[in-house]
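# Coordinates in review
As a plain string of letters, each chain reads:
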Amino acid sequence: DVYNQILADCDNAIAKMKTFVNSSQFSPTAAKALKAKVLFQKGDYANAKTVAEDVISSGGFTLVSPASFATYWASPNLRTDKVETLFEVSFTALENNGTNSLSYIYNQDGYGDMLCTDDLYALYSNTDVRQKLIIPGTRGGSPALIVNKLPNAAKGLNNDDNTKVIRLSEIYLIAAESEARAGTEANALNYLNALLAQRDPSATPYASTGAQLVSDIITERRKELAFEGNRFQDMNRLKMDIARNGQYPVNARSIPYGDTRRVYPIPQGETDANPNMTQNPGY
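Summary of the structure given here. (Residues numbered from 1 in each chain as written. Predicted model: local features only at pLDDT ≥ 70, side-chain atom pairs only at ≥ 80, totals over all residues. Heavy atoms only, no water.)

Once that is clear, we can look at the overall build of the protein chain. Scanning the protein chain from N- to C-terminus turns up 11 helices and 6 strands. Relative to the 2.2 N^0.38 estimate, which gives 19 Å for 283 residues, the radius of gyration of the protein chain is 20 Å and therefore close to what a compact globule would have. Taking the principal axes of its C-alpha atoms as reference, the protein chain extends roughly 55 × 50 × 45 Å. The buried share of the protein chain, taken over its 283 residues, is 42%. (Helix = DSSP H or I, 4+ residues; strand = E, 2+ residues; numbered from the N terminus. Rg over C-alpha atoms; globule rule 2.2 N^0.38 Å. Buried < 20%, exposed > 50% of the residue type's maximum accessible area, 1.4 Å probe, protein only.)

Tracing the backbone shows aspartate 161 in the loop between β3 (142-147) and β4 (163-167). Placed 57 residues apart in sequence, aspartate 161 and tyrosine 104 show a C-alpha to C-alpha distance of 8.9 Å. One polar contact links aspartate 161 to serine 103, side chain to side chain, over a distance of 2.8 Å. (Polar contact = N/O pair within 3.5 Å; in protein donor to acceptor, adjacent residues only side chain to side chain.)

The geometry of helix α2 (residues 28-42) relative to helix α7 (residues 168-182) is characterised by a closest axis approach of 10 Å and an angle of 40° between their N-to-C directions. As far as their axial angle goes, α7 and α2 are oblique. Handedness of the crossing formed by α2 with α7: left-handed. Contact residues: α2 offers Ala33, Ala36, Lys37 and Phe40, while α7 offers Glu170, Ile171, Ile174, Glu177 and Ser178. (Axes fitted to C-alpha atoms, helices over the stretch in contact; angles between N-to-C directions. Parallel < 35°, antiparallel > 145°, perpendicular 65-115°, else oblique. Left-handed = near helix turned anticlockwise from the far one by under 90°. Contact = heavy atoms within 4.5 Å.)

Quick look at the packing of aromatic side chains now. In this structure the tally under the stated criterion is 9 aromatic pairs. Pairing phenylalanine 20 with phenylalanine 61 gives two aromatic rings, centres 5.4 Å apart and planes at 85°, and the pair type is edge-to-face. Residue phenylalanine 20 is located in the loop between α1 (2-16) and α2, and its partner phenylalanine 61 is located in the loop between α3 (45-58) and α4 (69-74); the two are separated by 41 residues in the primary sequence. Take phenylalanine 20: its relative accessible area is 21%, and that puts it in the partly exposed class. With 4.2 Å between their ring centres and 25° between their planes, phenylalanine 26 and phenylalanine 87 make a pair best called stacked. (Phe/Tyr/Trp six-rings, centres within 6.5 Å; stacked < 30°, edge-to-face > 60°.)

One side chain can pair with another of opposite charge once the charged atoms of both are near each other. Under the criterion given, the structure shown has 21 salt bridges. Glutamate 228 is paired through a salt bridge with arginine 167; the nearest N and O atoms lie 2.8 Å apart. With glutamate 228 in the loop between α9 (210-224) and α10 (231-237) and arginine 167 in strand β4, this pair connects stretches of sequence that are 61 residues apart. For the pair glutamate 228 and arginine 167, a shared accessibility class is recorded, and that class is buried. Note that aspartate 234 is salt-bridged to arginine 221, the shortest N-O span being 2.7 Å. Linking aspartate 234 in helix α10 with arginine 221 in helix α9, this pair joins segments that are 13 residues apart in sequence. The same class applies to aspartate 234 and to arginine 221, which are both buried. Via salt bridges that share partners, Glu84, Asp128, Arg130, Lys149, Arg167, Arg199, Glu220, Lys223, Glu224 and Glu228 belong to a single interconnected network. (Salt bridge = Lys/Arg side-chain N within 4 Å of Asp/Glu carboxyl O.)

Ile56, Leu86, Leu168, Ile171, Leu213 and Ile217 are the most contacted members of the largest nonpolar core, which totals 35 residues. For this core, the elements supplying multiple residues, two or more each, are α2, α3, β1 (85-89), α7, α8 (185-199) and α9. When residues in this core are grouped by element, the largest group, 8 residues, is from α7. Counting residues in each nonpolar core, the second largest holds 17 residues, with Tyr106, Ile134, Val147 and Leu150 among its members. (Core = buried A, V, L, I, M, F, W, Y, C linked by side-chain atoms within 4.5 Å.)

Positioned with a positive phi, lysine 82 is a non-glycine residue whose angle comes to about 60°. By the element assignment, lysine 82 lies in the loop between α4 and β1. Of note, the phi angle at glutamate 84 is positive, near 70°, even though the residue is not glycine. Mapped onto the fold, glutamate 84 is located in the loop between α4 and β1. According to the relative accessible area criterion, glutamate 84 is buried, its value standing at 0%.

Before going further, it helps to spend a moment on the packing of α2 against α3. Remark: α2 packs on α3, axes separated minimally by 8 Å, with the N-to-C direction vectors making an angle of 160°. Judged by the inter-axis angle, α2 sits roughly antiparallel to α3. Crossing angle aside, the handedness with which α2 passes α3 is left-handed. Where α2 approaches α3, its residues Thr29, Lys32, Ala33, Lys35, Ala36, Leu39 and Phe40 are matched on the opposing element by Tyr45, Asn47, Ala48, Val51, Ala52, Asp54 and Val55. Classifying every residue of the contact of α2 with α3 gives 9 nonpolar, 2 polar and 3 charged. (Nonpolar A, V, L, I, M, F, W, Y, C, P; charged D, E, K, R; others polar.)

By themselves, these observations are geometric and do not establish any function.
This is the structure we're talking about:
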């Protein structure tokens, strides 16, 4: 029922919206992209493929180029050029007068609470532009891989790193995985390699098939969407066990699929408002 309502809302929005203004406002293309993402998370790969390919072919958006990749992430400005960002949440000093932005969580001049793990960093080649958004440094006197994907907290601009919700790169990866699962592997490789060419032009294009192709696409999702809040949802969608390295606390290294810790608690306000609501196990 929840999925049906979300998808109905997307269709309603697509029908009513007519124009693109900037990356902080939903457009018909952004609404279609959200619909593709919802269908994909649901596991409806056939329909996710159709909607994602419509976004790619008729939305007028383009992938950000390798030369512009670092500048794209460093800029706090909204996009009006239909490059990469389909929708982002805009933060300004007026709209978010505090230090609770995603940028502030990653940046060492802010909270600096989250770092990149060694195993993720090792996935990037030295010619991959995405690697340059992770900076080897120190935290608390120990070696650390610092996330610089949202860098403006370091400039005192705590509110000016917008939170990117949907990017065209993700839609390419949705199309690629959906095509691979449909058995149309040539199409899947076209989408996957089109993205790879904009991130690591020196890399050898993928030529995998079958289960290995799906695995390669999932790896590229991890690399491309790192630090944007997608990996945990992917692991739940794919029913993958969480197996972390020794950089994590012992009790957080192994969290199998189905573990109660992978389901969020129901907010107290909801249980107060509805006495028939039963709290999820473990909370």
